[in-house]
Amino acid sequence: MLLLGIETSCDDTATALVADAKRVLANISTNQDAFHARYGGIVPEIASRRHLDLLSAAIEHALREAKLGFVDLDGIAVTAGPGLIGSLLVGVASAKALAYARRLPLYAVNHLHGHIFAPFLENDAEPSYPLLALLVSGGHSQLVRVASPTRFTIIGRTRDDAAGEAFDKTARLLGLPFPGGPALEQLARTGNPKAIPFPRHRADHGSLDLSFSGLKTAARRFIESPQAATTLPADIAASFQAAVIDVLLNRLTRAVEQSEYRCVVLSGGVAANGPLQAALQNWSQRHQIPVHIPPRRFCTDNAAMIAAIADRQGSIVRADPLTLTANPQLPFTFSEEQLLAHAG
Ligand code: KG4
Ligand code: ZN
């Protein structure tokens, strides 16, 4: 099955052509960072206007790159939520129009489900269930038990900031450009991760929830303190990054102590972080659980993961091109009724 994927939930205008949830024939992404950088964060109105300007060309670009036409497609997959409403609407409206005009099946998928299955793109490995997903992006940080491509249970979530948000805010305090995550990682390369003992939040015993507000406040206090003047910024960045990694791995360890998992997936924009990936590979060897991490181009927002998850989920995400609406708060789990209606 060959699907065109369209992803516009945030600030990346992305299109892709994916065969059988695996083979990526084209993966186009136009990053809008330059337009948002001067505001220090994403401006929703600018993001949706840029999507409008860029999306049609990005769809044509993907088809041209794969040397395919609309006649070759078996369907269109689009991110229906969660995300910024204006941004989502641009992708959803285009997908609906194309599906209607070309009489193609339309699939409306959850952006976060796409992230969870991203490691299996361009990869012979297949997920083994139950799978434990650590989803860390700019808007979400959660631990998910995945029993199949349609059965998800959130077993831990952040009580305040998402991991990416903590990276972005701390990077900003350090005077780094937006987006902060990659810039902070770069600065941390020459720093000492043990220079400053930032707090590692350990929520009430047994809980798999995450929290980054204490760490973020500690980092802000330190950066604003007189001590900062005599500390290398690289040391602050490396110490902060090490604390985030510790918190994330601590939760993974708790999760595998509480229940059995056949593999672990690390995904979302923060999964692109090199030291986090290295720490997780190490953790994987210690705990004897295989870990799957997508290559960088599939970690951050992309449309290949959207086409792939639509293929895996099938009829449960089939949508009507006349009535589909974008949903910024799209529920993460399917209802039992939905699951039963599409069983088998
Ligand atoms: O998944 P994503 O592309 O967009 C959302 O759906 O949120 O994630 C973007 C987030 C940003 O907060 C960005 O700073 C963070 O991922 N990020 C990183 C790195 N690359 C991206 N955080 C830490 N280290 C990185 N290398
Ligand atoms: Zn994302």
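For every chain, the first residue of the written sequence is number 1, and numbering continues from 1 onward in sequence order. Going through the entries in the order they are written, you letter the chains from A and number the ligands from 1. Totals for whole chains, interfaces and linings use every residue, but because this is a predicted model, local features are given only for residues with pLDDT of at least 70 and side-chain atom pairs only at 80 or more, for both listing and counting. The side-chain figures draw on all heavy atoms in the structure; neither hydrogens nor water molecules are used.

1. Observations concerning unusual backbone geometry
And step 1. Note the cis peptide between Gly81 and Pro82, where omega equals -10°.
And step 2. The helix count covers DSSP runs of H or I at least four residues long, the strand count covers runs of E at least two residues long, and both are numbered beginning at the N terminus. Residue position: Pro82 is located in the loop between β4 (75–81) and α3 (85–102).

2. Quick notes on the pattern of salt bridges
And step 1. Salt bridges are counted wherever a side-chain nitrogen of Lys or Arg sits within 4 Å of a carboxyl oxygen of Asp or Glu. One pass over the structure, following the stated rule, counts twelve salt bridges.
And step 2. Arg49 is the salt-bridge partner of Glu45, the closest N and O atoms lying 2.7 Å from each other. Residue Glu45 and its partner Arg49 are located together in helix α2 (residues 44–66), separated by four residues, close to a single helical turn.
And step 3. Type-normalised accessible area, obtained with a 1.4 Å probe on protein chains alone, sets the label of each residue: buried when under 20%, exposed when over 50%, and partly exposed for intermediate values. The exposure class of Glu45 is partly exposed, given its relative accessible area of 44%.
And step 4. It is possible to trace a salt-bridge network through shared partners that takes in Asp161, Glu165, Lys169 and Lys216.

3. Thoughts on the site of ligand 1
And step 1. Definition of nearness: a residue and a molecule or strand are near each other if at least one heavy atom of the residue lies within 4 Å of the molecule or strand. In the region of ligand 1, 18 residues are neighbours, and Gly138, Asp168, Glu185, Gly269 and Asn273 sit closest.
And step 2. In this structure, an oxygen atom belonging to ligand 1 sits 3.4 Å away from a side-chain N or O atom of His111.
And step 3. Distance and chemistry together define a polar contact, namely a pair of N or O atoms within 3.5 Å, with one atom able to donate a hydrogen and the other to accept it when in protein, and with adjacent residues in sequence counting only for side-chain atoms on both sides. At 3.2 Å from an oxygen atom of ligand 1 is found a side-chain nitrogen or oxygen belonging to His115.
And step 4. Under the convention used here, a 1.4 Å probe and the Shrake-Rupley method define accessible areas, while residue burial counts only the protein chains that appear. Within the complex, the protein chains bury 89% of what would otherwise be the 560 Å² of accessible surface of ligand 1.
And step 5. As defined here, a cavity is a set of points on a 1 Å grid over the protein atoms alone where a 1.4 Å probe fits but cannot get out. A pocket is an open set with protein on both sides within 12 Å along at least five of seven lines, and residues line them when an atom is within 4 Å of a point. Occupancy of a cavity or pocket is assigned to a molecule whenever over half of its atoms lie within 2 Å of that pocket's grid points. The cavity that encloses ligand 1 is the largest pocket.
And step 6. Put simply, the parts of the chain that give the shell around ligand 1 at least two residues each are α4 (111–117), α5 (163–173) and α6 (180–188).

4. Examining the sheet that holds strand β11 (residues 318–319)
And step 1. The pairing criterion for strands is at least two bridges between them, as found by DSSP. Judged by pairing direction, the sheet is mixed, and its six strands sit side by side in the order β3-β2-β1-β4-β5-β11 without closing on themselves. Two strands close off the open sheet at either side, each with one partner strand: β3 (23–31) and β11.
And step 2. Note: strand β1 (residues 2–7) against β4, four bridges, orientation parallel. Paired with Ile6 across the two strands is Val78, which belongs to β4.
And step 3. We call two residues in contact whenever any of their non-hydrogen atoms come within 4.5 Å of each other. The axes used here are C-alpha line fits, helices contributing only the stretch in contact, and every angle between their N-to-C directions lies in the interval 0 to 180 degrees. The strands touched by helix α11 (residues 304–313) within the sheet are β1, β2 (12–19), β3, β4 and β5 (106–110), with β1 carrying the most contacts at an inclination of about 130°.

5. Some points on the nonpolar core
And step 1. As used in this record, nonpolar core signifies buried Ala, Val, Leu, Ile, Met, Phe, Trp, Tyr and Cys residues forming a set joined through side-chain atoms within 4.5 Å. Formed by 48 residues in total, the largest nonpolar core has its most connected members in Phe198, Phe212, Phe240, Leu252 and Trp283.
And step 2. Broken down by secondary-structure element, the contributors of at least two residues to this core are β6 (131–136), α5, α6, α7 (213–224), α8 (233–258), β9 (263–267) and α9 (274–287).
And step 3. Examining the composition of this core, we find that 13 residues originate from one element, α8, more than from any other.
And step 4. Sequence-distant contacts of Phe212, defined by excluding residues within four places in its chain, comprise Ser141, Thr158, Asp160, Asp161, Ala162, Ala163, Ala166, Val244, Val247 and Leu248.
And step 5. Judged by nonpolar contacts, the second largest core, of 37 residues, contains Val24, Ile116, Ala118 and Ala307.

6. Things to note about the layout of surface pockets
And step 1. Grid points are joined across faces, edges and corners, and a volume is the space filled by probe spheres set on the points. The volume enclosed by the largest pocket comes to roughly 1300 Å³.
And step 2. As for the largest pocket, its lining consists of 47 residues, and the residues nearest its centre are Asp11, Ile42, Gly138, Asp168 and Pro179.
And step 3. Put simply, the parts of the chain that give the lining of the largest pocket at least two residues each are β3, α4, α5, α6 and α10 (296–299).
And step 4. The element best represented in the lining of the largest pocket is α5, accounting for seven residues.
And step 5. Tallied by class, residues from the lining of the largest pocket come to 16 nonpolar, 20 polar and eleven charged.
And step 6. Each domain's extent was defined by an automatic or database domain assignment. Inspection of the lining of the largest pocket shows a minimum of three residues originating in each of domain 1 (2–117 + 299–343) and domain 2 (128–294).
And step 7. Taken as a whole, the second largest pocket encloses approximately 260 Å³ of empty space. For this classification, the nonpolar set comprises Ala, Val, Leu, Ile, Met, Phe, Trp, Tyr, Cys and Pro, the charged set comprises Asp, Glu, Lys and Arg, and every other residue, Gly included, is treated as polar.

7. Points about the coordination of the zinc ion (ligand 2)
And step 1. A donor here means any N, O or S atom no more than 2.8 Å from the metal (3.2 Å for Na, K and Ca); water is not included, so a site may seem to lack partners. In this structure, His111 (NE2), His115 (NE2) and Asp301 (OD) serve as the protein donors to the zinc ion (ligand 2), at separations of 2.1 to 2.2 Å.
And step 2. Of note, the zinc ion (ligand 2) draws all its donor residues from one chain, in the sequence arrangement H-x3-H-x185-D. A residue pair is termed long-range when its members are at least 10 positions apart, and His111 in helix α4 and Asp301 in the loop between α10 and α11 qualify at 190 residues. Take His111 and Asp301: they sit in the same class, and that class is buried.

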